[in-house]
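# Structure at a glance
Here are the chains, one letter per residue:
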Amino acid sequence: MKKYKICLLGSFAVGKTSLVQRFVKGIFSEKYLTTLGVKIDKKMITIDNTEMEFIIWDLAGEDEFITVRDSYLRGTAAYLLVIDGTRNETLETAISLHERMQQENQSLPFVLLINKSDLKEQWTIDATKITELKQSGWNTIETSAKTNKGVAEAFQLLASNLLKN
Amino acid sequence: MSNQTTNELDLLRNLILGTEKNKITVLEKHFNDANTKIEDVSSVLPQAIKLSIHQNEQLADELAPVVEKAVKVSVKRDIRIFADALYPVIGPAIRKSMSETIMQMLQSINQAIEHSFSWKGIKWRFEAWKSGKTFAEIVLKHSLIYRVEQVFLIQKKTGLLLQHTTLNEVVQQDANLVSAMLTAIQDFVRDSFHHSLDDDTFNKTSNHQSNTTEHNLNQISMGDFSIWIEQGPDAVIAVALKGTAPKLLRQELITTLENIHQQYTTEIQEFDGDETNFNQVNEQLKHCLLSQYKSEEKKLSWMTLGAVLGVILGILMWFFLYLYKAQRWENYVNIIKTEPGIVITDITHHNGQTILHGLRDPLAKKPTEIASANKLTQPYTLGNFSFQPFNNEQIIFHLEPYQSLAKTIFLRRIKQQIQPPKDVEVYFNKNILTLSGKAGTDWISTLKKNIHFISNNYQSNLSQLISTIDLSTINTPKTVQLKINKGNVTATGVAPYDWIIKTKVTIQKIPGITHYDDSQLRIDLSSLNAPKNVRLNFNKGILNVSGHAHNNWIKKLSARALSLPGIEKINLKNLVNTDIRLLSKLKQDFETESVYYQRSKTISSNSNVNKDLQRILKKLQLLIQQAQLLSTDLRIIIQGFSDSRGNYSTRYKVSYLRAEHVRQYFIRQGINNSILSSHAMAKKNHATTHSSEQENQLNRRVSFIVHFLPVEKGK
Ligand SMILES: Nc1nc2c(ncn2[C@@H]2O[C@H](COP(=O)(O)OP(=O)(O)OP(=O)(O)O)[C@@H](O)[C@H]2O)c(=O)[nH]1
Ligand SMILES: [Mg+2]
């Protein structure tokens, strides 16, 4: 069984930790406890009878003061970009983070997660921009850590991208 | 040269050299083409270099500056490549040089501790001897107390766990998470403090290397627990341990990491997340599961244990002795307080001395006697240990003399005064001074006169005293029994004459005796040693002796008997001297004997005669022996006889010869010549015709007569 380092990247409070919690432990909390540095979890995933182990690095979200450390990103096998549908600016952060990853390694698989889909009526995200990104080959998936919508699928999608690589 | 001639020459050349010329042209072209030149050189270069190296060192000399320059350029460009390349080599090289140094250091430690003969030193020395290690190694070993519980081998780039090993007994966390987290923490620390380290003014000199110098987190500690991390170019080794590990562990980590790098560089670099590729590494990681226990240190050493026990024992001993001393003292004081004739009024202590104040009757026991009777000053011994609770100098008595009326003391005093005879008991019967028992009449009457002065206000009772006749002054022999009956004394038994006479007088003087009867007392004749067949009877100065006795005893008797006081005369009429009786019997017996001879036969050839003579000789010897016993002289008259035949002269001769024959025989047999005399008894007028042959035969003989001579006076 192979192991892979997976990173969750995105602006602060977009729900990275919540998604991992949901995926790994099946729980969700309304409480916001910002992640300091990095939090690491582990989860087994099976795709087409292939077992793989995700070592999930839940990194602290980017804000005005904190930028994601390069060293954390080193050796990443694949990554999830997380944005908050209710905050349009989180997409810009995600794109800039993606660009940073691309500088290091062009070919890393990734998936864009548009989180908080349970609050879709409050979404302010630029839909045309999303469509553009999709057309340029981005995998996107709407998720909700709260309702568990699309969470497993997002990780599965990343896993199958990894295998394709 | 003109153009024409040139052309002509060419033509000629073409004619002669045709094909060769074309070839030369091709060669020329080949030589002048740079690309083909490179190809040619590259194809032969390795071989050429190889050959050149074998032949001489010129090529190496020529290449050296180039290589040096290349290395410099490379290092300048990116030192990391070079560092990574050198990494597996440098470690072992440095370590080799280090181990030399350490060996020397150990040696010197060895010498430093060489002469320490502490218990621990000796123990470790023994251990070193046993294990075959050097002493210093053992010393080092004992300074360690730690345990490595887990070892992680982590890919540096991804933080993914390459391999993990753990002690069986350790509760495991998820090694993958730990591995990633460790990496994250390191990254965090490095990223967070990297800047400040570089800005450090002291580091300015090495600024040009700042991008290559790695500032790594190599230890994380939390109380007793710590994680040690060692970085390699591609992998990180981390160990989780408890306690304080020695620097040696770091060395072990470095060595392990270097070895792993040497063997698995590409595998680590190309790690695709499959941990099984590194299963062989596990063995190497296990080497890092080091631990050292200082168990014997934690244990109470025997010496400490002994010391503690010793102290406890000492305290117990002291406590025991203290109690023992106190107990003895209390006993002693109690006893002395109850001791009659001693009154303790005060006890004071002064200069380590204890002073007892009070009164003491001189007749009371001495306090020191009581002390020793009560074992106060006697040492307490247990095996070799001896403890003297008190000594005599420590206890001082200030006791004034007084007269105690305590009954025991009073009795002691009164006994001193009246000196009671041994049969008299003096005691108190319900506060009444009582004397009982037998005592001499004199003593009792004296006591009665003085009792009022002595009894000191005590009532007295003398009625139980029995007045006795004191016969102790007359020295009664054991063989005499004296019976006393109201003043009448009767003596029975046997006593020496002296005593009998003396007692007759002295006994009359003893108070209380009215009459003395010694008529049944017999005089002691045992000194006469009378044989059992002799009876002695003493009566009125005459000793009558009767029965049988040997001459010896009879001879001594008179002298002995007469030496006894009171014996004036001895009557031996009824005493038979058995020796004299025997002598006369032997005489009679001897005189009945005769030696008979045959007619005309020569004397010596007569065999019957010889037999007779032998028998008679024996009888004669007995007779002489008995006579000697009685100091009696005797003469043996040997008489020779003859028959009636022949004339007188012949008869005389024959009878003499016969007597002489016997006498000579006796002499030959040792009989004293002087007591023997032989006589011819032939008759002058023998009526030969009337004599029968029988008579004649009887007359051909020798007979004997014995004479005892009266004892010569003075012999
Ligand atoms: N309604 C709703 N709330 C969500 C969802 N996901 C996260 N949240 C909430 O958003 C807040 C932030 O979530 P986190 O998971 O802590 O966000 P984060 O991206 O880890 O934030 P940092 O660690 O600060 O970068 C929390 O209060 C969550 O409860 C979701 O899908 N729907
Ligand atoms: Mg978080």
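Now for a look at the structure at hand. Quantities reported herein were computed from a predicted structural model and do not represent experimental measurements.

### Focus on the overall build of chain B
Helices and strands together make up the secondary structure of chain B, namely 20 helices and 25 strands. Within chain B, counting contacts between residues at least 6 apart in sequence, those at least 24 apart form 62% of the total. Of the roughly 45,900 Å² that chain B leaves accessible, carbon and sulfur atoms contribute 56%.

### Examining the overall build of chain A
Tallying secondary structure elements over chain A gives 5 helices and 6 strands in all. Secondary structure elements of chain A, listed N to C terminal, follow the sequence β-α-β-β-α-β-α-β-α-β-α. Counting all 165 residues of chain A, 53% fall into the buried class. Across chain A, every contact between residues at least 6 apart in sequence was considered, and the portion connecting residues at least 24 apart equals 71%. Working note: accessible area of chain A is about 7,800 Å², and carbon and sulfur atoms make up 50% of it.

### Quick word on the interface of chain B and chain A
With 22 residues of chain B at the interface, the matching set in chain A holds 17 residues. Summing both sides of the interface, chain B and chain A together bury roughly 1,700 Å²; the carbon and sulfur share of this comes to 55%. The interface formed by chain B and chain A holds 3 salt bridges in total. Taking the shortest distance from any N to any O, the salt bridge between A:Lys2 and B:Asp272 comes out at 3.0 Å.

### Regarding the site of ligand 1
Residue and element names in this part refer to chain A. Looking at ligand 1, there are 24 residues lining it, with Ser18, Glu30, Tyr32, Thr34 and Asp118 nearest. Relative to its unbound accessible surface of 650 Å², ligand 1 loses 94% to contact with the protein. The element contributing the most residues to the shell around ligand 1 is helix H1 (residues 16-25), with 3 residues. Across the shell around ligand 1, the residue classes tally to 8 nonpolar, 10 polar and 6 charged.

### Observations regarding the pairing of strand S5 (residues 110-115) of chain A
Residue and element names in this part refer to chain A. The element S5 is extensively covered by neighbouring structure, given that 6 of its 6 residues are classed as buried. By the alternation rule, side chains of S5 split into Phe110, Leu112 and Ile114 and Val111, Leu113 and Asn115, which are all buried. Where strand S4 (residues 78-84) lies against S5, 6 bridges are found, and the strand directions are parallel. Residue pairing for S5: Ile83 is matched across the bridge by Ile114. Note that the unit made of S4, helix H3 (residues 89-104) and S5 has a crossover that is right-handed. As judged from the 3 bridges shared by S5 and strand S6 (residues 140-142), these two strands associate in the parallel manner. Residue pairing for S6: Ile114 is matched across the bridge by Glu142. Handedness of the S5-helix H4 (residues 127-135)-S6 crossover: right-handed.

### Re the sheet that holds strand S14 (residues 459-468) of chain B
All names here are of chain B. The 3 strands are arranged S12-S13-S14 in an open sheet whose pairing can be described as mixed. A strand with exactly one partner marks an edge of an open sheet, and here the two such strands are strand S12 (425-429) and S14. Strand-to-strand twist of the sheet, defined as the mean angle between neighbouring strand axes without regard to direction, takes the value 15°. Strand direction decides the pairing type here: S12 and strand S13 (residues 432-440), joined by 5 bridges, are antiparallel. Across the sheet, the residue bridging to Val426 is Leu435, located in S13. Across the sheet, helix H13 (residues 407-418) is in contact with S12 and S13; its angle to S12 comes to roughly 150°.

### Describing unusual backbone geometry
For A:Asn148, which is not glycine, the phi dihedral falls at a positive 75°. For A:Asn148, the location among the structural elements is in the loop between S6 and helix H5 (151-164). Since its relative accessible area comes to 37%, A:Asn148 is described here as partly exposed. In the Ramachandran plot, B:Lys540 falls in the positive-phi region, its phi being about 50° despite a non-glycine side chain.

### With respect to the packing of aromatic side chains
Counted under the stated rule, the structure contains 17 aromatic pairs over all chains. Each member of the aromatic cluster is reached from another via a ring pair, and the members are B:Phe590, B:Tyr665, B:Phe666 and B:Phe704. Positioned over the ring face of A:Trp57 is A:Lys5, at 3.7 Å from the centre of the ring. In this structure, A:Lys43 is placed above the aromatic ring of A:Phe23, and the distance from its NZ or CZ to the ring centre is 5.4 Å.

### Quick word on the coordination of the magnesium ion (ligand 2)
Coordination of the magnesium ion (ligand 2) by the protein comes from A:Thr17 (OG1) and A:Thr35 (OG1), over a distance range of 1.9 to 2.0 Å. Taken together, the residues A:Thr17 in helix H1 and A:Thr35 in the loop between H1 and strand S2 (38-47) connect sequence positions 18 residues apart.

### Observations regarding the pairing of strand S8 (residues 353-360) of chain B
Residue and element names in this part refer to chain B. In terms of strand pairing, strand S7 (residues 342-350) meets S8 through 8 bridges, oriented antiparallel. Across the sheet, Asp346 pairs through a bridge with His357, a residue of S8. Hairpin geometry of S7 and S8 is characterised by an intervening segment of 2 residues between the two adjacent antiparallel strands and by a positive phi of about 50° at Asn351. Across 7 bridges, S8 lies against strand S11 (residues 395-401) in parallel orientation. Within the sheet, the bridge partner assigned to Arg360 lies in S11 and is Pro401.

### Here's the deal with the sheet that holds S8(B)
Residues and elements named next belong to chain B. Taken together, 3 strands build an open sheet; the order of strands is S7-S8-S11 and the sheet is mixed. Edge positions in the sheet fall to S7 and S11, since each of these pairs with one other strand and no more. Ignoring which end each strand starts from, the neighbouring axes of this sheet average 20° apart. Running over the sheet, helix H11 (residues 302-338) touches S7, S8 and S11 and is turned about 145° from S7.

Each value, and the rule that gives it
- Residues numbered from 1 in each chain as written.
- Chains lettered and ligands numbered in written order.
- Predicted model: local features only at pLDDT ≥ 70, side-chain atom pairs only at ≥ 80, totals over all residues.
- Heavy atoms only, no water.
- Helix = DSSP H or I, 4+ residues; strand = E, 2+ residues; numbered from the N terminus.
- Contact = heavy atoms within 4.5 Å.
- Areas by Shrake-Rupley, 256 points an atom, 1.4 Å probe, with all protein chains shown as cover.
- Buried < 20%, exposed > 50% of the residue type's maximum accessible area, 1.4 Å probe, protein only.
- Buried area = accessible area lost by both parts, 1.4 Å probe.
- Salt bridge = Lys/Arg side-chain N within 4 Å of Asp/Glu carboxyl O.
- Near = heavy atom within 4 Å.
- Nonpolar A, V, L, I, M, F, W, Y, C, P; charged D, E, K, R; others polar.
- Pairing = 2+ DSSP bridges.
- Right-handed = clockwise from strand over helix to strand, strands pointing away.
- Axes fitted to C-alpha atoms, helices over the stretch in contact; angles between N-to-C directions.
- Phe/Tyr/Trp six-rings, centres within 6.5 Å; stacked < 30°, edge-to-face > 60°.
- Lys NZ or Arg CZ within 6 Å of the ring centre and 35° of its normal.
- Donors = N, O, S within 2.8 Å, 3.2 Å for Na, K, Ca; no water.

Remember, this is a structural readout, not a statement about activity or role.
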